[in-house]
Structures are given as C-alpha cells and as structure tokens.
Amino acid sequence: MASSREDMSSDGDAPPAAAEMTASVHLLGFSDEILLHILSHIPSTDLVVNVRHTCRKLAELCLDKSLTHTVLLQKDYAASEDKVKQLVKEIGREIQQLNMAGCYWLSGSTVEHVARCRNLVKVNLSGCHLTSLRLSKMLSALQHLRSLAIDVSPGFDASQLSGECKATLSRVRELKQTLFTPSYGVVPCCTSLEKLLLYFEILDRTREGAILSGQLMVGQSNVPHYQSLRVFYARLAPGYINQEVVRLYLAVLSDRTPENLHAFLISVPGSFAESGATKNLLDSMARNVALDALQLPKSWLNGSSLLQHMKFNNPFYFSFSRCTLSGGHLIQRVINGGKDLRSLASLNLSGCVHCLSPDSLLRKAEDDIDSSILETLVVACCNLRHLNLSAAHHHSSEGPGKHLCQLLARLRRLRSLSLPVCSVADSAPWADCKPAQPAMHAVPCGFGKKVRIGVQTCPGPFSGQAGPQPSSVFWSLLKNLPFLERLELIGSNFSSAMPRNEPAIRNSLPPCSRAQNVGDSEVAAIGQLAFLRHLTLAQLPSILTGSGLVSIGLQCQQLQSLSLANLGMMGKVVYMSALSDMLKHCRRLKDLRLEQPYFSANAQFFQALSQCSALQRLCLVSRSGTLQPEAVLAFMARCLHVVVCHMFTGESLATCKSLQQTLLRRRRSGFGRRHAQRPAKPGGHGEKMDNRKPRRAASRETPVDPELGEDTFLLFKPPGLWRSSDAGAAEKRGGSGLSWRPSGCRLTPEVSQQVWARERSAEAALWPAEAWRPPPSHHCRWGLYGGTSDVRNRK
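None of these values were measured; they are calculated from a predicted model. Counting starts from 1 at the beginning of each chain's written sequence and moves along it residue by residue. Under the rules for a predicted model, residues below a pLDDT of 70 receive no local features and side-chain atom pairs below 80 are neither given nor counted, while totals for whole chains, interfaces and linings still include all residues. Only hydrogens and water are set aside when side-chain values are computed; all heavy atoms of the structure are taken into account.

### A closer look at the overall build of the protein
Here is step 1: Secondary structure elements follow DSSP: runs of H or I of four or more residues count as helices, runs of E of two or more count as strands, with numbering from the N terminus. Per the secondary structure count, the protein includes 27 helices and 23 strands.
Here is step 2: Buried means the residue's accessible area, taken with a 1.4 Å probe over protein chains only, is under 20% of the maximum for its type, while exposed means over 50%, and partly exposed covers the values in between. The proportion of buried residues among the 795 residues of the protein is 57%.
Here is step 3: Using a 1.4 Å probe, the Shrake-Rupley method yields the accessible areas, and only the shown protein chains count as cover for residues. Of the roughly 31900 Å² of accessible surface on the protein, 50% is carried by carbon and sulfur atoms.

Written out as structure tokens, the structure reads:
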C-alpha cells in the first residue's frame, strides 16, 4: 500500500488540492447554460418522462422554453404511445414546433393528441396515420399553425374538412404534401401559401393489378391558390400517373404566374414531355419573375433557349443534371459571361458531359476539358458550398494550374463535392511516368503471392505510414478544403447492381482508363478531412489493398455514413483486411453500404463491424456473395442500435428463412428484452443476386421500415441509378434478406409496394445550409446521406 501511494504521488502531475476538486465535481455543479446544452441532446420523451423526476433542479430545467419550444420525435423509436401521450399532456401548451415525421408506429388516436398543443406553429405529420376526419379535428384546434406537412392517402376527402379546419389552413404559409392518390389534397384550402413542397408517390397500379388513372378523385377538383406563392417544389417518383397529376398543378400555375415566385424546382425521373401549359408557364416566368433557384426536367432545357431569356436575381441554387449543356452555354446563359454570382451556393452539373467543353458537338468522352471554362466558373461562383460534377468524363489537360483539382481548390467554402474518379487523376504525361501505385503497395495482400525472403519490402499497408503523396493534385485539393463534410468519388461508367426504375445491367461499361491511376494513395488522401461525415467511393479499379481506408478510419473520426462499391478487382475482394481495420476505428458510423461481387460476410467482417457502436443501418449487395448466419446472429446480439440489416447475396432462400426464424425465436425467448434500447422486430424478405440479372423481391408480409428511408440507403445517389420496382422477382432460390424495424408497426401489404416510393435525386441535395431548401430528402443525397422517410407505412 505504501509503495502504491508513493507511485501515485510521484507519477501524478496534479497536486492533492486539484485531485480533491476533481472528486468534488458534480453534474448539478455546472451552470444552467451548460446543463441546458447537455439536456438538449436527450430525447424529449426521456426529458419529460424520466429526467424531470430525478431532482428539483433538473425538473425546472427540463421545462425550460429552449427545450420545450421544439420537440423532435422523428426516428425516436423509443417514443411509445404512452410516452407521447404523457409528453403532450405535460408540455403540450409549450410546444411550438413538433416533428413527428415517420412515426408510423403510433396509432391514429395517439397522433390525434397533437390537438392539445394549442400553440403549435409548425407540425410535421408525414408518415403518420391520419384520416380526413382526424386531420379536420386536429387542425380545428391549431389556430396558430403556419407550417404543415401531411400525407394524402387513398380515401382522403376534402369535403370532410370542417369550417374551423379550413380557417386554419387558410393561414398556413408553408405546406409539404406527399401524395399517394391523385388529389389536390389541402392545397385549395391554403389560400395564403408562400411555400409549396409536393412529393408525388402515386402507384400506377393497385394491389390487385388494376391500372390507375391520373384523374382527380371526387371532391378533389377544387383549384389551388398560388397568388402569394414564392417557392414551388415538386419531386416525382417513377410512373406516368405522377406526371399526369403534376401537370394539373402546373396548369393552374400557368394561368397566372405569381409575381413573387423566386424558386421553381421540379425533379422528375427520366423524361417528362412538355405540354402547352408548361410552355406557357415557362414563357410567363421568363417575362414576369426573377428567380433565385431553378431546377427543370432535362427535356425542358435540352435544345431550348429558355436559359437565355430567364432572369435571375440573387441565385443560390442551379440544377442542370443530365442536360446537354455545353461550356459555352454555361458561360453565356448561366454565368452571363463571367457575371458575379457570389450568391450561388449550390450547383449541380451531374451528367452534363459537355459542360466544361466549348463545343458539345465535337467533343468525345476522352477529350480534355477546357480549363478556362472551369476557371471562369470558379471565379464567378467563388462562394459555392455544394458542387456536383459526377457522371461525366472530366479529363484535365497538361500544364501548370490547368488541372480540375487545382482549380477547384480555390473554392474554400465547399462543404460537399461529387467528382468522377477519372477527374482526380494526374494529367496524362505525369501519370505515365509514375507507377499506378506507390512503392509501399507493391506487395499487395490477398493475391496469394508470397513475399520473398531477403527482399526489402516497404512498410505494411496498415502501419499508418501509407499516406498520400504530397505531389498528387487530389492531395492538394483536399488540403485546401479542410472543412469538407461530404465527398463522392464515383466512376464515370459506374452502374449500380440494384437500379430503381430501369433494368439491372449485367455487363456494365468498364472503368475509364484514367481511373486506373487512382488507387490506395489517393484514397488515403481523404484522411486529411477531419470533418468528413459522408463518404462514397465507387468503381476504383486500382485499389490493391485498401490501405487508404485505414487512413480514413484513423483520421476521419466524424464519419457517419460510408458507401463503397466495386473497389479493386471484380472477381475478388482485395480490401477485406483493410476494411476490417478501418471499421474498428469508426465509432460514429451509422450507415454502411457495400456493393461488391463475391463479398464474404464472414465472422471477421461482422466482428469488426460490431465495434461500430453507433451503427444503425447495414446494406450488403453482392452478386455471388456469401454470408455466415452465425456471424449475423452474433452481430445483431452485440449491436444494440441496428434497426435495418439488408443483405442481397447468392445464398439460398432456405438460409434466409432459417436465419429469420432464429432471430424471431431469440427475440421471443428474451433476446428482445436485452435490446430494450432498440424496440425492434425482426422480419425478412428473400433476396437473390442472380448471376444473370440481379433482382430484388419484397414479401408482402414484411414491409421495409419507412422512416429509415430505404431508398436513400440501399442505393447510390448518382442520377439515374435507382432501384427496380420489380416486386415479382422471387425465384426458386431466394438469397438473404433481413429487415429490422421498430415494434408496434402496422404491417400492411400496401407498404411492400412502396419500396421504391421516392427518388431523392442528386439535384435535391445541393441546397445551401443557410438558404431555403426542400426538406431533407434533399440533402446531398449523394451516397448514404440521411434524410426524411421515403417509404410510407399507410393504414
């Protein structure tokens, strides 16, 4: 004991007084400001139901206006019906903003308690169980409401809305409306609308297979009012019905274009033919309004002189995704010959293969870009925060200061960036004179080639010394963008194995030749981004060991979502060891998506993944891949916060069902009680990645968790890569598929048909943080970004 005391006195740097002071520190000794900051990170239901009853001081602080003014129940899966009712009873009159988006596990009678929050100014009820009568009763009591978000489901009847409800709607200024049936919804009642956000999720067929019509239902033909409209945003899911219904909205808008309209955005998958009404609307907009934000279907812009006549005030958002926009048109019509566009915060040029070339007619994919066009763009738009140049070949020419990375390095305010892989490769002459990979990766692991004894080797790929070469232009780019939060590097020819609204492509195009010069050292350069939260890497053929992933795991401690696809050799997963080492350091990782043929989801992988203590969602897409059911069971037992686990491999349907049944038995026998922090219920749907054509089949019994935004998670986000809606692809052999979702959810057959419900295109992600934007689903939807629910569980 004496020796231990001597050691403590000799080794301790702090004096005894400091040690006593440290021992006397108590939570309640902090100032109220610090305690309020700590309490702000606790779910509102826990504050009211639990924390408030611990002591008098915390009871007083938990009722502080800074904590009760805004209540977020979105993704709060521990918010049971009793807790929500008690929350509303205790602090209902103090709540002014309430977000219940995607709380599909709450019954309609529980949602109806929102009517007690008499002072509500803003409420989001998207994804909640609401009928026309319940909505009418609720809104009749909310006289101060100014912002509303709801779903319009089959059976909605505006004639059932009471006079008090319509009076409340007449004062609403912001409306987000998700349509699952052809209808105007409550728009005709909102006569003071300034911001209208529409999400069209109408199916072309009923459950029985009957074809639906875009004609509005009875009682839904009242004409909307747009006199005060300032923002119009519409996002369409695939299907002709959605296009027919949005035309009805636009027809009203074309009759009299609002004078104060400053943001007009339409996101449409595929083609969307112009009609007479849309042409009149665009002509009227060109004459009468000055826009700040613009996004139109590519078919409306291609070959049109609309941009030449459109007037812009202080634009902050432009999206020209997939348009045939040449560099000359970009400079002349958008930038107006170098006009100062310091207000522009978001620019989406994804799929615009000619946007950095002066003449689109003569340019080939492998030709170099015109650096002067990009330089003009960078100088004019010096305050860009979000830039998307993916889905195109942007090859830089030889010469100092002419490389794309060198020019983009001037945009110091960038927070999200999406680039094709070939664009970050060094110019051709420099790339030819150096090896594709640095010497430290000359002895790759996993190829079965033994290291010769006596031959000097470089440090191993996991020694922490496999850093990027400072001479790399990509390394210099990231060094100048230290505050980047979202990054995508996606091959120009990449196509997902699970597209959404187009057939799966078995034989995709090979990677660009210049992408061969982008390997482990370039990936390691990403480790410089200390604030990186979202990362997507796809189609990097020169990944040999994946050592760069380890650098990212070690240095990017803020990483929350990671999406990897087709890295290295397609016939063998060469980066498994590096990925396992990386995952051990990703303590804040919430979303992980892997798409790689022949991936083996074995015990090593799940053991490493189990150390991601914050993981919530896992998706694995692997043609001819395998998994170990025992490893999956051990993983689910250790990771308490996982709410979604999807696997699309080559395993048999019998393996999938057996695994699901095991999870169900464990939950009933006490496995669920161990997971009280995660109120989940296992379900499943069989998936098989067929060697000829990958497909996905969702069973009618087990819907996908709507609020988890499956389509925002299962898919890569480059425009045009969406999930197939083929729900009848179940074959003799199934494949593995697991779906965890919070308990208490209502299982309805309709939900399985909504799997592909929403498309969150790259355009909708590029909104500046300080400017208005469509509600998240939205937000850089490159890669795995989180966001709002895209699949609704409807009663």
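### Here we look at the environment of R52
Here is step 1: Position of R52 relative to the elements: it lies in the loop between α4 (44-49) and α5 (56-61).
Here is step 2: We classify R52 as buried; its relative accessible area is 15%.
Here is step 3: Contact criterion: two residues are considered in contact whenever any of their non-hydrogen atoms come within 4.5 Å of each other. Not counting residues within four places of it along the chain, the set of residues in contact with R52 comprises L47, L58, A59, C62, L63 and E90.
Here is step 4: The definition of a polar contact used here is a pair of N or O atoms within 3.5 Å, where within protein one atom must be able to donate a hydrogen and the other to accept one, and adjacent residues in sequence count solely through side-chain atom pairs. Of note is the side chain of R52, whose polar atom sits 3.0 Å from the side chain of E90.

### What about the packing of helix α11 (residues 240-255) against helix α12 (residues 276-288)?
Here is step 1: It is at 8 Å that the axes of α11 and α12 come closest, and there the two elements cross at 40 degrees. Classified by the angle between their axes, α11 and α12 sit oblique to one another. For the crossing formed where α11 meets α12, the hand is left-handed. For the pair formed by α11 and α12, the contact residues are L250, A251, L253 and S254 on the first element and A277, T278 and L281 on the second.
Here is step 2: Among the residues forming the contact of α11 with α12, the class breakdown is 5 nonpolar, 2 polar and no charged. Helix axes are fitted to C-alpha atoms over the stretch in contact, other axes to C-alpha atoms as well, and angles between N-to-C directions run from 0 to 180 degrees. Between 65 and 115 degrees an angle is taken as roughly perpendicular, under 35 as roughly parallel, over 145 as roughly antiparallel, and anywhere else as oblique. For any helix crossing, the convention is left-handed if the near helix is rotated counterclockwise from the far helix by under a right angle, and right-handed if that rotation is clockwise. Under the convention adopted here, Pro, Cys and the residues Ala, Val, Leu, Ile, Met, Phe, Trp and Tyr are nonpolar, Asp, Glu, Lys and Arg are charged, and Gly plus all remaining residues are polar.

### Brief notes about the confidence of the model for the protein
Here is step 1: pLDDT measures how confident the predictor is about each residue, on a scale from 0 to 100. Per-residue pLDDT for the protein has a mean of 76; in total, 72% of the residues score no lower than 70.
Here is step 2: The least confident element of the protein, judged by mean pLDDT, is helix α27 (residues 749-752) at 34; the most confident is strand β3 (residues 122-124) at 97.
Here is step 3: Per-residue pLDDT stays below 50 along residues 671-795; that stretch engages in 483 contacts with residues further than four places along the chain or on separate chains.

### Observations concerning the nonpolar core
Here is step 1: In terms of nonpolar packing, the biggest core is built from 183 residues, with F232, F264, F320, L408 and F605 touching the most fellow members.
Here is step 2: If you tally residues by element for this core, the top one is α11, at 7 residues.
Here is step 3: With residues up to four places along the chain from it excluded, the contact list for F605 reads M576, L579, S580, L583, L592, L594, F599 and S600. Nonpolar cores are built from buried Ala, Val, Leu, Ile, Met, Phe, Trp, Tyr and Cys residues. Side-chain atoms within 4.5 Å join them into one set.

### A few points about the pairing of strand β8 (residues 263-267)
Here is step 1: Taken across its 5 residues, β8 has 5 buried, putting it largely inside the fold.
Here is step 2: Of the two faces of β8, the one carrying A263, L265 and S267 and the one carrying F264 and I266 are both buried.
Here is step 3: Two strands pair under a simple rule: DSSP has to find at least two bridges between them. Bridge count for strand β7 (residues 231-236) against β8 is 5 bridges, and the pairing is parallel. By the bridge assignment, A234 is partnered in β8 with I266.
Here is step 4: Note on handedness: a crossover is taken as right-handed if, strands pointing away from the viewer, the path from the first strand over the helix to the second is clockwise. As for the winding sense of the linkage, the β-α-β connection from β7 through α11 to β8 is right-handed.
Here is step 5: In this structure, β8 lies alongside strand β9 (residues 290-295), joined through 3 bridges in parallel fashion. The residue bridging L265 from the neighbouring strand is Q295, located in β9.

### Some points on the environment of S319
Here is step 1: Counting through the fold element by element, S319 comes out in strand β10 (residues 311-319).
Here is step 2: Within the structure, the side chain of S319 is placed 3.4 Å from the side chain of N348, a separation counted as a polar contact.

### As for the side chain of S492
Here is step 1: Along the polypeptide, S492 turns up in the loop between β14 (486-490) and α20 (520-525).
Here is step 2: Overall, S492 belongs to the buried group, its relative accessible area being 16%.
Here is step 3: Here the side chain of S492 touches A392 through a polar contact of 2.8 Å, landing on its backbone oxygen.
Here is step 4: Leaving out residues up to four positions away in the same chain, S492 has contacts with A392, H393, P420, C422 and Q539.

### Quick look at the pairing of strand β17 (residues 591-595)
Here is step 1: Buried residues dominate β17, accounting for 5 of its 5 residues.
Here is step 2: Here β17 shows two buried faces, one formed by D591, R593 and E595 and the other by L592 and L594.
Here is step 3: Note that strand β16 (residues 561-567) and β17 share 5 bridges and pair parallel. Of the residues in β17, the one forming a bridge with A565 is E595.
Here is step 4: Crossover connection from β16 via helix α22 (residues 576-583) to parallel β17: handedness right-handed.
Here is step 5: Here β17 pairs with strand β19 (residues 617-621) via 5 bridges, running parallel. Paired with L592 across the bridge in β19 is L618.

### A look at the packing of aromatic side chains
Here is step 1: Classification of ring pairs uses Phe, Tyr and Trp, with its six-membered ring standing for Trp, and accepts pairs whose centres are within 6.5 Å; under 30 degrees between planes counts as stacked, over 60 as edge-to-face, and the remaining range as tilted. Evaluated as defined, the whole model comprises 13 aromatic pairs.
Here is step 2: Each member of the aromatic cluster is reached from another via a ring pair, and the members are F599, F605, F606 and F635.
Here is step 3: Each ring is checked for a lysine NZ or an arginine CZ that lies within 6 Å of its centre and within 35 degrees of its normal; such an atom marks a charge sitting over the ring. Looking at K176, its charged tip hangs above the ring of Y199, at a distance of 5.1 Å from the centre.

### Description of the pattern of salt bridges
Here is step 1: Take a side-chain nitrogen of Lys or Arg and a carboxyl oxygen of Asp or Glu: if they are within 4 Å of each other, that pair is a salt bridge. Tallied over the entire structure, the rule returns 12 salt bridges.
Here is step 2: As a salt-bridge pair, R52 and E90 come within 3.0 Å of each other at their nearest N and O atoms. Here E90 lies in helix α7 (residues 81-91) and R52 lies in the loop between α4 and α5, a separation of 38 residues in the sequence.
Here is step 3: Overall, the relative accessible area of 38% leaves E90 in the partly exposed class.
Here is step 4: Here D581 and K584 are joined by a salt bridge, their closest N and O atoms 3.8 Å apart.
Here is step 5: According to the relative accessible area criterion, K584 is partly exposed, its value standing at 34%.
Here is step 6: Three or more residues joined by partner-sharing salt bridges are found here, namely E112, R134 and K137.

### Brief notes about the packing of helix α21 (residues 547-555) against α22
Here is step 1: The interhelical angle for the contact between α21 and α22, taken along N-to-C directions, is 0 degrees, at an axis separation of 8 Å. Here α22 runs roughly parallel to α21, going by the angle between their axes. Across from S547, L549, V550, I552 and G553 in α21, the residues of α22 making contact are A578, D581 and M582.
Here is step 2: Across the contact of α21 with α22, the residue classes break down as 5 nonpolar, 2 polar and 1 charged.

### A look at the environment of M569
Here is step 1: Within the secondary structure, M569 is located in the loop between β16 and α22.
Here is step 2: Residue class for M569 comes out partly exposed when judged on its relative accessible area of 37%.
Here is step 3: Counting along the chain gives 27 residues from M569 to Q596, while the straight-line C-alpha distance between them is 9.6 Å.

### Quick notes on α11
Here is step 1: Taking 1.5 Å of rise per residue, 16 residues should cover 22 Å, and α11 covers 23 Å from first to last C-alpha, within 8% of that figure.
Here is step 2: Contact partners of the buried residues in α11: β5 (174-179), β6 (195-200), β7, β8, α12 and α13 (298-301). Helix span, expected: 1.5 Å multiplied by one less than the number of residues in the helix.

### Some points on α12
Here is step 1: Helix length check: α12, at 13 residues, gives a terminal C-alpha distance of 18 Å against a target of 18 Å (1.5 Å per residue), a fit within 8%.
Here is step 2: Along α12, the positions that sit buried rather than exposed are T278, L281, L282, S284, M285 and A286.
Here is step 3: Elements that come into contact with the buried residues of α12 comprise α11, β8, β9, α13, α14 (306-309) and β10.

### So, unusual backbone geometry
For residues besides glycine, phi is generally negative; the peptide bonds are generally trans as well.
Here is step 1: The backbone of A391 shows a phi angle near 60 degrees, a positive value even though the residue is not glycine.
Here is step 2: By the secondary structure assignment, A391 is in the loop between β12 (386-388) and α17 (404-408).
Here is step 3: The exposure class of A391 is buried, given its relative accessible area of 17%.

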